[in-house]
Amino acid sequence: MNSPTGEQFVLDGGRVRVEIGALAAVLREVRVDGVRVTETVPADSMPSHGCGIVLAPWPNRVKDARWLLDGEVQQLDITDVARGGAIHGLLRNTDYRERARTARSITLGATIYPQHGWPFLLDTWVTYALEDDGLTVTHGAQNLGEAAAPWSVGAHPYFRVGETPTDDLTLRIAGETRLELDDRLNPVAEHPVAGTEFDLREAHSLAGADFNVGFGQLANRAEAAEVAWLVAPDGASTVVWADPAFRWLQLFTPADFPGEEGPHRAVAVEPMTVPPDALNSGTDLRWLEPGDRVETSWGVRYRPAQHP
């Protein structure tokens, strides 16, 4: 069968099994000991709600699909028509190619060529590597051009704890600030979460949750650390960790995510190296000089319930 997500790849280490599609290097499914820790992108479907795709060379959105480079307006293609912006980078419709493979890892790559609003040439790649209890995802880029180029990256996984409905889960996020958004979901201010409904540093029920918000200052980490915890009533949990370069998380809880039994609430916890609209704000945006190369990682772990 020809899949809408292109060539299919499977990593199976026994305990951990991962399915990947070439389109946007989509992470179609992760299972640990047979337990789903991500939502599934069916082999015969496109990734709904951006599920599992790589977001490069920027995550989230660029306001009005415009930004300034050396004083000149750069006009990107408008890919979020409803809000008049450019969303989730330039590779969401790109066919990644296999570059390296071992029994427990695979590296897929794609080139970002100069185009509307983007006068740069970048080589990019993502490596999916099995761990004993989950998956490590490493994103990389190299500037192949002759001028400094901006770089940022994110991912769009939706997480599960087995078959427990999202409304029965609790969530913790180590973010100390959150972004205030305008009616087109562009950031206008950053606020501390303390004392607000956005303070998820303690467990928060996802019953009826309606979030679409970015969190920053992830506990001001100096090294890789756990940043989000999704916990089922029996204590089983799906845990997200990230390198310090991932200073932001986007939380998105759509109620209309498709599934075998019909639409349901899903929970995306999206690691991002920058906040929304970073091409304009410059916040945490990294500039790669010609020839510069960078890599950074995040990952997911599954912890089964601990019974006495």
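Colleague: Would you mind going over the overall build of the protein chain with me for this structure?
Modeller: For the protein chain, the count of helices and strands is one helix and 27 strands. Taking 308 residues into account, the globule formula puts the C-alpha radius of gyration at 19 Å, and the protein chain, at 18 Å, falls close to it. Taking the principal axes of the C-alpha coordinates as reference, the protein chain spans close to 60 × 50 × 40 Å. Looking at the 308 residues of the protein chain, the share that counts as buried comes to 54%. Counted over contacts in the protein chain with a minimum sequence separation of 6, partners at least 24 positions apart contribute 63%. Carbon and sulfur atoms provide 47% of the accessible area of the protein chain, an area that totals close to 13,200 Å². Where the 26 positive side-chain charges of the protein chain centre and where its 44 negative ones centre are 1 Å apart.

Colleague: Just checking my understanding: could you explain the nonpolar core for this structure?
Modeller: One recurring pattern in soluble globular proteins is that nonpolar side chains are buried together. One finds V18, I20, L76, Y128, L135 and L251 to be the most contacted residues of the largest nonpolar core, which totals 76 residues. In this view, L76 contacts W58, V62, A65, W67, A86, H116, G117, W118 and L279; residues no more than four positions away in its chain are not counted. One finds V41, I53, L55 and F257 within the second-largest nonpolar core, a separate group that totals 10 residues.

Colleague: So what exactly am I meant to see when it comes to the packing of aromatic side chains here?
Modeller: Geometrically, a pair of aromatic rings is defined through the distance of the ring centres and the angle of the planes. Throughout the structure, instances matching the rule amount to five aromatic pairs. Consider the rings of W58 and W118, whose centres lie 6.5 Å apart with planes at 50°: the pair is tilted. Pair noted here: W58 is in the loop between strand 5 (54-55) and strand 6 (61-62) and W118 is in the loop between strand 11 (105-112) and strand 12 (122-130), with a separation of 60 residues, a long-range link. Considering the side-chain rings of W67 and F120, the 6.3 Å spacing of their centres and the 35° angle between planes classify their relative orientation as tilted. Here the residue W67 occupies a position in strand 7 (residues 66-69), and F120 occupies one in the loop between strand 11 and strand 12, the gap between them amounting to 53 residues.

Colleague: Any chance you could explain unusual backbone geometry here in plain terms?
Modeller: Glycine aside, the phi torsion of most residues is negative, and most peptide linkages are trans. Geometrically, the link from A56 to P57 is a cis peptide bond, its omega value of 5° lying close to zero. With respect to the helices, strands and loops of the structure, P57 is situated in the loop between strand 5 and strand 6. Even without being a glycine, H49 presents a positive backbone phi close to 55°. If you trace the backbone, H49 turns up in the loop between strand 4 (35-36) and strand 5. What makes H49 partly exposed here is its relative accessible area of 26%.

Colleague: Would you mind going over the pairing of strand 18 (residues 175-181) with me for this structure?
Modeller: Consecutive side chains of a regular strand alternate in pointing toward one face of the sheet and then the other. In this structure, strand 18 lies alongside strand 21 (residues 212-218), joined through three bridges in antiparallel fashion. Looking across to strand 21, one finds that G175 is bridged to L218. Two successive antiparallel strands, strand 18 and strand 19 (residues 187-192), enclose a turn made up of five residues, where L185 displays a positive phi of approximately 70°.

Colleague: Help me out: how do you make sense of the sheet that holds strand 12 in this one?
Modeller: Strands pair in a sheet through their backbones, by hydrogen bonds, and they do so in one of two ways: parallel or antiparallel. As summarised here, the arrangement of the nine strands in space is 10-11-12-13-27-23-22-17-20, forming an open sheet in which the pairing is antiparallel. Looking at strand neighbours, the two that pair on one side only are strand 10 (97-101) and strand 20 (204-205), the edges of this open sheet.

Colleague: Explain the sheet that holds strand 3 (residues 27-32) here, please?
Modeller: Spatial ordering of the open sheet is given by 1-2-3-4, a layout of four strands whose pairing is antiparallel. Lying at the two open borders of the sheet, with one neighbouring strand each, are strand 1 (8-12) and strand 4. By the bridge criterion, five bridges tie strand 2 (residues 16-21) to strand 3 in an arrangement that is antiparallel. When the bridges of strand 3 are listed, V16 appears paired with V32.

Colleague: What exactly am I supposed to notice about the layout of surface pockets here?
Modeller: Take a probe with the size of a water molecule and roll it over the atoms, and the empty space left behind shows itself. Size it by volume and the largest pocket reaches roughly 560 Å³. Along its surface, the largest pocket is lined by 27 residues, and R36, R160, G259, E260 and H264 are the ones closest to its centre. The volume enclosed by the second largest pocket comes to roughly 320 Å³. R61, I87, H88, N212 and F252 are the residues nearest the centre of the second largest pocket, which is lined by 17 residues in total.

Calculation criteria
Residues numbered from 1 in each chain as written. Predicted model: local features only at pLDDT ≥ 70, side-chain atom pairs only at ≥ 80, totals over all residues. Heavy atoms only, no water. Helix = DSSP H or I, 4+ residues; strand = E, 2+ residues; numbered from the N terminus. Rg over C-alpha atoms; globule rule 2.2 N^0.38 Å. Buried < 20%, exposed > 50% of the residue type's maximum accessible area, 1.4 Å probe, protein only. Contact = heavy atoms within 4.5 Å. Areas by Shrake-Rupley, 256 points an atom, 1.4 Å probe, with all protein chains shown as cover. Lys, Arg positive; Asp, Glu negative; His and termini not counted. Charge placed at Lys NZ, Arg CZ, Asp CG, Glu CD. Core = buried A, V, L, I, M, F, W, Y, C linked by side-chain atoms within 4.5 Å. Phe/Tyr/Trp six-rings, centres within 6.5 Å; stacked < 30°, edge-to-face > 60°. Pairing = 2+ DSSP bridges. 1 Å grid on protein atoms, 1.4 Å probe; cavity = no way out; pocket = protein on both sides within 12 Å on 5 of 7 lines; lining within 4 Å. Points joined across faces, edges and corners; volume = space filled by probe spheres on them.

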